[in-house]
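Working through the structure, step by step
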Amino acid sequence: MIDLIKKEVKLAFTENKFPIIASVLILFIPLILGYVFEPYLFSYFNPVVEDLTNKVQSGVLQLTFNDIFFNNIRIVLEMFIGGLFFCFSALILAFNGFFVGYYVATTPNLTQSLVLIIPHGIFEFSSCILGCASGFVLFSFAYGALKTFLSQNGMGFVDRMVFSYDENFNRLLHAFILLAISSVLMFIAAIIEVYLTVPIGRFLLSI
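Here we summarise the structure given alongside this text. (Residues numbered from 1 in each chain as written. Predicted model: local features only at pLDDT ≥ 70, side-chain atom pairs only at ≥ 80, totals over all residues. Heavy atoms only, no water.)

Charged atoms that come close allow side chains of opposite charge to pair. Counted under the stated rule, the structure contains one salt bridge. Between E78 and R74 there is a salt bridge; the shortest N-O distance is 2.8 Å. You can see E78 and its partner R74 sitting in helix α4 (residues 65–82), four residues apart, about one turn around the helix. Residue classification places E78 among the partly exposed positions, given a relative accessible area of 34%. (Salt bridge = Lys/Arg side-chain N within 4 Å of Asp/Glu carboxyl O. Helix = DSSP H or I, 4+ residues; strand = E, 2+ residues; numbered from the N terminus. Buried < 20%, exposed > 50% of the residue type's maximum accessible area, 1.4 Å probe, protein only.)

The structure is reproduced here in structure tokens:
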């Protein structure tokens with residue numbers, strides 16, 4: 001059983017290299033652009049930053065494990081489900097990339113910001129990348145299943161549904177595998193962000 005799981009996880013990565021690589025680019029290119037063009041993005045992202053700051057200060061949004069994890073996992077699930085809508089996942093990931101780049105550019109101390117972001121960001125960014133990729137693979141499953149369904153004219157409706165599902169099942173399985181790994185990574189990221197970011201940051205900044 002364990003060997004079968006390992007095999008499917010490996011296949012989920014090896015057979016979906018393009019969605020994963022595309023997701024990496026969709027995150028980091030906007031992130032870099034958000035940092036470089038920060039002055040031009042002020043009117044778009046500053047209201048978002050102010051809204052988040054007000055929510056934290058008012059207690060509406062608390063920096064607890066539950067709030068951080070469930071907020072971030074919601075984004076992952078939106079990217080997964082968004083894959084069904086013509087890969088809307090890409091827009092969600094790109095927006096978050098732009099926002100992170102903009103936010104880092106507005107902080108007064110770049111080194112301090114990176115020290116506080118990178119420890120949990122390694123897992124959080126990886127989670128977002130796989131979450132977006134899982135949405136792409138889910139879209140691939142839906143498109144492939146529909147294409148297969150329409151091509152089987154000699155079968156009844158139910159038989160065509162079953163056949164198209166079976167023919168494209170591996171894509172659906174891989175989509176859920178990537179989503180599951182993304183969720184685990186986001187769980188780890190939330191733990192690090194809440195409980196370890198400050199101690200790690202203090203240690204690194206004291207070196």
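Considering the arrangement of structural elements, one finds T107 in the loop between α5 (89–106) and α6 (110–151). When its relative accessible area of 17% is taken as the criterion, T107 is described as buried. Of the polar contacts made by the side chain of T107, one reaches the backbone oxygen of V104; its length is 2.6 Å. Of note is the side chain of T107, whose polar atom sits 2.8 Å from the side chain of S113. (Polar contact = N/O pair within 3.5 Å; in protein donor to acceptor, adjacent residues only side chain to side chain.)

Attention shifts here to helix α8 (residues 169–206). Taking 1.5 Å of rise per residue, the 38 residues of α8 would be expected to cover 56 Å, and the 52 Å separating its terminal C-alpha atoms lies within 8% of that figure. A bend of about 65° at L196 is the largest found in α8, and the proline P199 appears one to four places after it. (Expected span 1.5 Å × (residues − 1). Bend = angle between axes of the 7 residues up to and from the residue.)

Moving on, we come to the layout of surface pockets. Where empty space is left becomes clear once a probe the size of a water molecule has been rolled over the atoms. Within this model, the largest pocket holds a volume of roughly 1,400 Å³. Lining the largest pocket are 40 residues, with L52, F99, Y103, E124 and E193 sitting closest to its centre. Of all the elements in the fold, those that place two or more residues in the lining of the largest pocket are α3 (38–58), α4, α5, α6 and α8. Looking at which element gives the most residues to the lining of the largest pocket, the answer is α6, with nine residues. Its residues assigned to classes, the lining of the largest pocket comprises 22 nonpolar, 13 polar and five charged. (1 Å grid on protein atoms, 1.4 Å probe; cavity = no way out; pocket = protein on both sides within 12 Å on 5 of 7 lines; lining within 4 Å. Points joined across faces, edges and corners; volume = space filled by probe spheres on them. Nonpolar A, V, L, I, M, F, W, Y, C, P; charged D, E, K, R; others polar.)

Within the secondary structure, N170 sits in helix α8. For the pair N170 and F141, spaced 29 residues apart in sequence, the C-alpha separation works out to 8.3 Å.

Time to look at the packing of aromatic side chains. Following the criterion strictly, the structure yields 15 aromatic pairs and no others. A centroid spacing of 5.4 Å and a plane angle of 45° characterise the contact between F45 and F95, whose relative ring orientation is tilted. Of this pair, F45 sits in helix α3 while F95 sits in helix α5, and the two are 50 residues apart along the sequence. Classification of F95 by relative accessible area gives partly exposed; the value is 42%. Judged by centre distance (5.7 Å) and plane angle (85°), the ring pair of F69 and F187 falls under edge-to-face. Linking F69 in helix α4 with F187 in helix α8, this pair joins segments that are 118 residues apart in sequence. (Phe/Tyr/Trp six-rings, centres within 6.5 Å; stacked < 30°, edge-to-face > 60°.)

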